[in-house]
Amino acid sequence: MESYKKNMKEQKKKESKGDIVIQKFPLRLTGEERRLVDTLRKEAANLWNDCLDLHWWLYDVYKVWTSASEKKQWYNATTHKLHSQTIQSIIELHEETCKRTRELRAKGEKQWRYPWKYKKFFSVKYKKTAIKLTGKKLRFSNGKQQSPLVIPQPKHIDFHTIKSAEIVWHKDQYWMHIAVEVPKQKQVQGKKDAGCDLGIIHAAVLSDGKSHFIVTGRELRSLQRYRNKKLKEFQKRISRKKLGSNKRQKLILRKRRFLEKMERRIEYLLHSISKMVTDWCVENQILTLYIGTPDGVQRNTKKKKKTRKEIRQQLSNWSFGQLIEKIKYKLKLRGVKVQLVEESYTSGTCPACGEFRKQWNRNFYCQCGAAGHRDVVGAVNILDKSVNKQLTENRELPKIEDTKYRRVLLTPIVPHNGCKGAVA
């Protein structure tokens, strides 16, 4: 039986010819639909809590671990008011979490814990069999004991490409995450390596040793500073209002909507930057991209001209973790490997003489006479440090004519004659 299941899984993997990506969009629900979704999330949480009870009870009494098949025999559409495939997906998620935790603990990572926390609400998952198309509406079945959820079909999603769906609560509204299959992208065939230096003013600087690419992050930084200023104004006005008053609640609601809008804009800019990085790697046939982790920047704040408060705010706005995850996600679809490396002393070490000199602006300068762009030098040194395991000497500095700039904008710009501005 187990061999049959393995063969079926391998056959399904062979049948899937494309990549699976997640499409997200907010749900505009009526009052009745919102109450239905609330009920479904509570019922999904009850199922998750029942899985925890069964898991720990059998281990405490009999010292055995439950399997997904055993839990599916205990819980079904008669015990919980959900679709049978939704129940199976939650049980499989619990089993997958236990299995991953068991493997990590076997490797010595004892800080990982088995699922133990009870949930009040839980995301509702739908498999392909629970989703149907009626006209221009998507119908999500919730079993015989619950009415289905019907929403308009998004114009950018083909029904035949849908593999699964999930209702998620994010910030102050419900979102639908739909997993769709897209055509498999062409894989990179080159064997070149490149280094990437992340920053605040320049979001990403890439170099393969010969050609260099800079994506400016000034638009992203400006948007984050604007968000901080408006948030300060909201907080100041809210603090002056009486607790529980209508004016205070309206201001809090306005603040939430503003932050949600800013989050969507920032996420768009991060997606645009990661797409530019991906396109450059594909164009230059980069097989491995080494990204410097800016962990040391957060600790080294003593010899700065700015105050500690300004530095902390600047670093808190620096969403390099989200940018790295988006770059890894997009490059994985192209077959490009991403490795995180330690980047200490890369922006101040001279490639020509190998001496370290503290830099105070964007222009790199060394006592030996070498000069260039500081961030480009950092990307070149990250590549050299990753490939040769150390920073070597007698290397040429990056030339200005080999460096290309691109900027990310929230609104498209139509280039005029002679204008080489980039459109995000």
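Since we're looking at a predicted model, the values are computed, not measured.

Bringing the overall build of the protein chain into the picture now. In terms of helices and strands, the protein chain carries 10 helices and 15 strands. Intrachain contacts of the protein chain at a sequence separation of at least 6 include 67% that bridge at least 24 residues. Total accessible area on the protein chain is roughly 26400 Å²; 51% of this is exposed by carbon and sulfur atoms.

By size, the foremost hydrophobic cluster in this structure holds 39 residues, and its most contacted members are Tyr126, Phe140, Ile151, Ile162, Ile167, Met176 and Ile178. The set of elements that each furnish at least two residues to this core consists of strand E1 (18–26), helix H2 (31–62), helix H4 (84–106), strand E2 (124–127), strand E4 (137–140), strand E5 (149–152), strand E6 (162–170) and strand E7 (173–183). At 11 residues, H2 tops the list of elements feeding residues into this core. Those residues within four positions of tyrosine 126 in sequence are excluded, and the remaining contacts are Leu40, Thr86, Ile131, Phe140, Ser141, Asn142, Ser164, Ala165 and Ile167. Core analysis: the next-biggest nonpolar cluster, separate from the first, contains 34 residues, Cys196, Phe258, Ile291 and Leu331 among them.

Let's shift gears to the side chain of threonine 278. With respect to the helices and strands, the residue threonine 278 is situated in helix H6 (residues 246–283). Apart from residues no more than four positions distant in its own chain, threonine 278 is found in contact with Lys330, Leu331 and Arg334.

Attention shifts here to helix H9 (residues 320–333). Helix length check: H9 (14 residues) gives 20 Å between terminal C-alpha atoms against 20 Å at 1.5 Å per residue, within 8%. Residues Phe320, Leu323, Ile324, Lys326, Ile327, Lys330, Leu331 and Leu333 constitute the buried set of H9. Two residues or fewer past H9, glycine 335 is found with a positive phi of approximately 80°.

A contiguous patch of positive charge on the surface is contributed by Lys232, Lys236, Arg237, Arg240, Lys241, Lys247, Lys250 and Arg254. If you list the elements that add at least two residues to the positive patch, you get helix H5 (218–239) and H6. Of note, lysine 236 is situated in helix H5. With a relative accessible area of 49%, lysine 236 lands in the partly exposed category.

For serine 272, the position within the fold is in helix H6. Along the backbone, serine 272 and leucine 323 are 51 residues apart, and their C-alpha atoms lie at a distance of 10.0 Å.

In this section: the sheet that holds E6. What links the strands of a sheet is backbone hydrogen bonding, and the strands pair in either a parallel or an antiparallel sense. In space, the four strands of this open sheet follow the order E1-E7-E6-E2, with antiparallel pairing throughout. The two strands at the open ends of the sheet, each matched to only one other strand, are E1 and E2. Averaged over neighbouring strand pairs, the angle between their axes works out to 20° when direction is ignored. The pairing of E6 with E7 spans eight bridges and is classified as antiparallel. Its bridge partner being in E7, alanine 165 is matched across the sheet by isoleucine 178.

Taken together, the three strands give an open sheet; going across it, the order is E3-E4-E5, and neighbouring strands pair in antiparallel fashion. Sheet topology places strand E3 (131–134) and E5 at the edges, where each strand pairs with a single neighbour. Each adjacent strand pair in this sheet contributes to an overall mean axis angle of 25°, direction not counted. Taken together, the four bridges between E3 and E4 define a ladder with antiparallel strand orientation. Residue pairing for E4: leucine 133 is matched across the bridge by leucine 138.

What follows deals with the pattern of salt bridges. Using the criterion set out here, one finds 15 salt bridges in the structure. The shortest N-O distance in the salt bridge between lysine 163 and glutamate 181 comes to 3.2 Å. Within this pair, whereas lysine 163 is found in strand E6, its partner glutamate 181 is found in strand E7, the two being separated by 18 residues in sequence. Residue class for lysine 163 comes out partly exposed when judged on its relative accessible area of 38%. Notably, a salt bridge pairs arginine 374 with aspartate 375, separated by 3.9 Å at the nearest N-O pair. Like aspartate 375, arginine 374 is buried. Each of Lys72, Glu92 and Lys127 takes part in one network of salt bridges that share partners.

This part is about the confidence of the model for the protein chain. Averaged over every residue, the pLDDT of the protein chain is 86; residues scoring 70 or more account for 87%. Contacts for the low-pLDDT stretch residues 412–424, under 50 throughout, to residues beyond four places or in other chains number 14 contacts.

Turning to the packing of H6 against H9, a few remarks are in order. Where H6 contacts H9, the axes come no closer than 9 Å and their chain directions differ by 45°. As judged from the angle between their axes, H6 and H9 are oblique. Pair H6 / H9 crosses with right-handed handedness. Of the residues in H9, those touching H6 at Glu267, Leu270, His271, Ile273, Ser274, Lys275, Val277, Thr278 and Cys281 are Gln322, Leu323, Lys326, Ile327, Lys330 and Leu331. By residue class, the composition of the contact of H6 with H9 is seven nonpolar, four polar and four charged.

Turning next to the environment of tyrosine 329. Looking at the secondary structure, you find tyrosine 329 in helix H9. For the pair tyrosine 329 and serine 274, spaced 55 residues apart in sequence, the C-alpha separation works out to 9.2 Å. Excluding residues within four positions of it along the chain, tyrosine 329 makes contact with Ile20, Val21 and Ile22.

The rules behind the values
Residues numbered from 1 in each chain as written. Predicted model: local features only at pLDDT ≥ 70, side-chain atom pairs only at ≥ 80, totals over all residues. Heavy atoms only, no water. Helix = DSSP H or I, 4+ residues; strand = E, 2+ residues; numbered from the N terminus. Contact = heavy atoms within 4.5 Å. Areas by Shrake-Rupley, 256 points an atom, 1.4 Å probe, with all protein chains shown as cover. Core = buried A, V, L, I, M, F, W, Y, C linked by side-chain atoms within 4.5 Å. Buried < 20%, exposed > 50% of the residue type's maximum accessible area, 1.4 Å probe, protein only. Expected span 1.5 Å × (residues − 1). Patch = residues over 30% accessible without salt bridge, like charges linked within 9 Å, V, L, I, M, F, W, Y side chains within 5 Å. Salt bridge = Lys/Arg side-chain N within 4 Å of Asp/Glu carboxyl O. Lys, Arg positive; Asp, Glu negative; His and termini not counted. Charge placed at Lys NZ, Arg CZ, Asp CG, Glu CD. Pairing = 2+ DSSP bridges. Axes fitted to C-alpha atoms, helices over the stretch in contact; angles between N-to-C directions. pLDDT = per-residue confidence, 0-100. Parallel < 35°, antiparallel > 145°, perpendicular 65-115°, else oblique. Left-handed = near helix turned anticlockwise from the far one by under 90°. Nonpolar A, V, L, I, M, F, W, Y, C, P; charged D, E, K, R; others polar.

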